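Residue-level listing of the chains:
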Amino acid sequence: MPSPTERGRESAYIGLLMAMALILSYIENLIAFQPGIPGMKIGLANLAVLICLYLFGWKEAVFLTLTKAVISGFLFGSLFTIVYSLAGAAVSVVTMILLKKCSLFHMPVVSAAGGVMHNMGQLLVAVFVVENYSVFYYMPVLILAGLATGIVIGAAAALVLPYIQRIVRKGVF
């Protein structure tokens, strides 16, 4: 069982990752990226979620991703944004946790699967909200977008993670 000091340090790092996720969400809202698919985003905040998953574990990653979805929805979106984001985030983080646990996939693959599943979770909510299955016509584009952005975000996380692990091990903060 970790000491109170270690738990406090871990909480501080998770707080920093939350701040990082919210800043990346804000930056993503500033980027004029409109490919013609409603709600399609790059997923920059997933960088913090991946780092959290690989650095601290699945419970912390679930906490981070769901909390980030709610807070960023209140800050930069609306109630619908929160609902869509929570659906995508929940499906995405569960997928990434399962793929990481089986230890067969590298971080970019785990991230790409998370990106695709995030889009699928949001697509299912869209079908429910608009009560029309024609929304599924977006699926091929959303799969490709999730793969592309997920691979890039996963590769970035894989490059940064060793440096962050070194900082955490040394207990710099």
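Whatever comes next refers back to the structure up there.
Residues numbered from 1 in each chain as written. Predicted model: local features only at pLDDT ≥ 70, side-chain atom pairs only at ≥ 80, totals over all residues. Heavy atoms only, no water.

This part covers the side chain of Lys 68. Position of Lys 68 among the secondary structure elements: in helix H3 (residues 58-76). Put simply, Lys 68 is tucked away with no salt bridge, and the nearest opposite charge, on Glu 28, sits 6.8 Å away. The contact partners of Lys 68, leaving out residues within four places of it in the chain, are Met 18, Ala 21, Leu 22, Ser 25, Ala 45, Gly 73 and Ser 85. (Helix = DSSP H or I, 4+ residues; strand = E, 2+ residues; numbered from the N terminus. Buried < 20%, exposed > 50% of the residue type's maximum accessible area, 1.4 Å probe, protein only. Lys, Arg positive; Asp, Glu negative; His and termini not counted. Salt bridge = Lys/Arg side-chain N within 4 Å of Asp/Glu carboxyl O. Contact = heavy atoms within 4.5 Å.)

With that settled, consider the nonpolar core. Leu 17, Leu 50, Ile 51, Phe 56 and Leu 64 are the most contacted members of the largest nonpolar core, which has 30 residues in total. Put simply, the parts of the chain that give this core at least two residues each are helix H1 (4-30), helix H2 (46-55), H3, helix H4 (79-101), helix H5 (107-130) and helix H6 (139-170). Sequence-distant contacts of Leu 64, that is, excluding residues within four places in its chain, are made with Ile 14, Leu 17, Met 18, Ala 48, Val 49 and Cys 52. Membership of the second largest hydrophobic core comes to nine residues, among which are Val 116, Leu 123, Leu 142 and Ala 145. (Core = buried A, V, L, I, M, F, W, Y, C linked by side-chain atoms within 4.5 Å.)

Glancing now at the packing of H3 against H4. The N-to-C vectors of H3 and H4 enclose an angle of 160 degrees; their axes lie 9 Å apart at closest approach. One finds that H3 runs roughly antiparallel with respect to H4. Handedness of the H3/H4 crossing: right-handed. Of the residues in H4, those touching H3 at Trp 58, Ala 61, Val 62, Thr 65, Leu 66, Lys 68, Ala 69, Val 70, Gly 73 and Phe 74 are Thr 81, Ile 82, Ser 85, Leu 86, Ala 89, Ala 90, Val 93, Ile 97 and Lys 101. (Axes fitted to C-alpha atoms, helices over the stretch in contact; angles between N-to-C directions. Parallel < 35°, antiparallel > 145°, perpendicular 65-115°, else oblique. Left-handed = near helix turned anticlockwise from the far one by under 90°.)

Now for the side chain of Ser 111. Along the polypeptide, Ser 111 turns up in helix H5. Owing to a relative accessible area of 0%, Ser 111 belongs among the buried residues under this scheme. A distance of 2.6 Å separates the side chain of Ser 111 from the backbone oxygen of Gly 150, its partner in a polar contact. Once you skip the residues sitting within four places of it in the chain, Ser 111 turns out to touch Asn 46, Leu 50, Met 96, Gly 150, Ile 153 and Gly 154. (Polar contact = N/O pair within 3.5 Å; in protein donor to acceptor, adjacent residues only side chain to side chain.)

Okay, the state of the cysteines next. A covalent bond bridging the sulfur atoms of two cysteines is what the word disulfide describes. Counted under the stated rule, the structure contains zero disulfides. Free cysteine Cys 52: the closest other cysteine sulfur is in Cys 102, separated by 19 Å. The exposure class assigned to Cys 52 is buried, which follows from its relative accessible area of 0%. (Disulfide = S-S within 2.5 Å.)

To continue, consider a nonpolar patch on the surface. There is a patch of nonpolar side chains on the surface, built from Ile 23, Tyr 26, Ile 27, Leu 30, Ile 31, Ile 71, Leu 75 and Phe 76 and spanning about 710 Å² of accessible area. Within the residue set of the nonpolar patch, elements represented by two or more residues are H1 and H3. Along the chain, Tyr 26 turns up in helix H1. (Patch = residues over 30% accessible without salt bridge, like charges linked within 9 Å, V, L, I, M, F, W, Y side chains within 5 Å. Areas by Shrake-Rupley, 256 points an atom, 1.4 Å probe, with all protein chains shown as cover.)

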